[in-house]
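Close look at the chain arrangement
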Amino acid sequence: MIRVLVVDDEQLVRAGLRLILEASEDITVVGEAADGAAARQQAERLRPDVVLLDVRMPGVDGLTVAPDLVAAGPKVIMLTTFDLDEYVHQALRAGAVGFLLKDTPPRELAAAVRTVAAGNAMLAPTVTRRLISSFAERGPARREAARDRLAALTGRELDVVREVALGDGNAEIARRLTMSEATVKAHVSRALAKLHVGNRVQLAILVHDADLL
């Protein structure tokens, strides 16, 4: 059973998300919070697997509390009304694994929670890739710093990481690069360790910062 904490300042939104998620037999909403401070307390007490976190809330907002939630262990997915909210990029850098629009279809919402809980595809499909592309800071200094970090990878690891940055899952990468899924997973794991980043989203941001796509 996947344990989810829903964080949004609007009660109707929280109720709607709970209704959608609990229609799935493998997902349960273990708690709700109306702001970041309450989310921090609930996460410590309830130990959810996934937190759906609103970007904009009064008091402690989602961007402020995201690093604390990530450090506590759960996977964090940002919720936003706007698909090009520049603040979400900050949350991705803080370790959030992606973001969803509040009007995401119910089936896709549940599927995203399952995917994130399983630790697989960290990039939400089209919209997250567009966000990263739009708001990655690609000044010369950042670009060179990113390339210096990526120089720690082998050629094959870099090939895999570039595919990750395009938002592809392990199976697609394996087909494209003619290798097994197990080998793709191994390359991703080694890249994460060498680059000292926590998830595939942060890998993707680093590739975009290096302007290698």
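Report follows, based on the coordinates. (Residues numbered from 1 in each chain as written. Predicted model: local features only at pLDDT ≥ 70, side-chain atom pairs only at ≥ 80, totals over all residues. Heavy atoms only, no water.)

Time to look at the overall build of the protein. The number of helices and strands found in the protein is 11 helices and 5 strands. Working note: accessible area of the protein is about 9,900 Å², and carbon and sulfur atoms make up 52% of it. (Helix = DSSP H or I, 4+ residues; strand = E, 2+ residues; numbered from the N terminus. Areas by Shrake-Rupley, 256 points an atom, 1.4 Å probe, with all protein chains shown as cover.)

Attention shifts here to the packing of helix H8 (residues 155-165) against helix H9 (residues 170-177). Each pair of packed helices can be summarised by the angle the axes make with each other and by the distance between the axes. Between H8 and H9, the least distance of the axes is 10 Å, while the angle of their chain directions is 130°. When the axes of H8 and H9 are compared, the pair comes out oblique. Our pair here, H8 against H9, has a crossing hand that is right-handed. Between H8, through Arg156, Asp159, Val160, Glu163 and Val164, and H9, the contact on the second element is made entirely by Ile173, Arg176 and Leu177. (Axes fitted to C-alpha atoms, helices over the stretch in contact; angles between N-to-C directions. Parallel < 35°, antiparallel > 145°, perpendicular 65-115°, else oblique. Left-handed = near helix turned anticlockwise from the far one by under 90°. Contact = heavy atoms within 4.5 Å.)

Among all positions in helix H3 (residues 62-72), only Gly62, Leu63, Val65, Ala66 and Leu69 are buried. An end-on view of H3 places all buried positions within 150° of arc, on one side of the element. By the N-cap criterion, in which a side-chain oxygen at the helix start approaches the backbone nitrogen of a residue two or three places on, H3 is capped by Asp61, the distance to Leu63 being 3.2 Å. One or two steps after H3, the chain reaches Gly73, where phi turns positive at roughly 125°. (Buried < 20%, exposed > 50% of the residue type's maximum accessible area, 1.4 Å probe, protein only. Arc of directions from axis to C-beta. Polar contact = N/O pair within 3.5 Å; in protein donor to acceptor, adjacent residues only side chain to side chain.)

This brings us to the pattern of salt bridges. One pass over the structure, following the stated rule, counts 12 salt bridges. In this structure, Arg18 and Glu22 form a salt bridge, with 3.4 Å as the shortest nitrogen-oxygen distance. Asp26 is the partner of Arg114 in a salt bridge, and the nearest nitrogen-oxygen pair spans 2.7 Å. Here Asp26 lies in the loop between helix H1 (11-21) and strand E2 (27-33) and Arg114 lies in helix H5 (residues 106-117), a separation of 88 residues in the sequence. Under the relative-accessibility criterion, Arg114 is labelled partly exposed at 32%. Through salt bridges with shared partners, a single ionic network connects Arg14, Arg18, Glu22 and Glu32. (Salt bridge = Lys/Arg side-chain N within 4 Å of Asp/Glu carboxyl O.)

It is worth spelling out the side chain of Asn170 at this point. Following the sequence through the fold, Asn170 ends up in helix H9. You can call Asn170 buried: its relative accessible area is 14%. In this structure, Asn170 is in contact with Glu181, Val184, Lys185 and Arg200, ignoring residues within four places of it in sequence.

Here we take up the pairing of strand E4 (residues 75-80). By the criterion of burial, E4 is predominantly enclosed, with 5 of the 6 residues buried. Pairing of strand E3 (residues 50-54) with E4, which is carried by 5 bridges, proceeds in the parallel orientation. Its bridge partner being in E4, Leu52 is matched across the sheet by Ile77. For the segment spanning E3, H3 and E4, crossover handedness is right-handed. Note that E4 and strand E5 (residues 98-101) share 4 bridges and pair parallel. If you follow Ile77 over to E5, its bridge partner there is Gly98. (Pairing = 2+ DSSP bridges. Right-handed = clockwise from strand over helix to strand, strands pointing away.)

Let's shift gears to the sheet that holds E3. The strand order across the open sheet built from 5 strands is E2-E1-E3-E4-E5, with neighbouring strands paired in parallel fashion. Strands with a single pairing partner mark the edges of an open sheet, and in this sheet they are E2 and E5. Shown here is a sheet whose adjacent strand axes are inclined to one another by a mean of 25°, direction ignored. Each of strand E1 (2-7) and E2 is contacted by helix H2 (residues 36-46), which is oriented at about 140° to E2, the strand it contacts most. This element, H5, spans E1, E2, E3, E4 and E5 of the sheet and lies at about 125° to E3.

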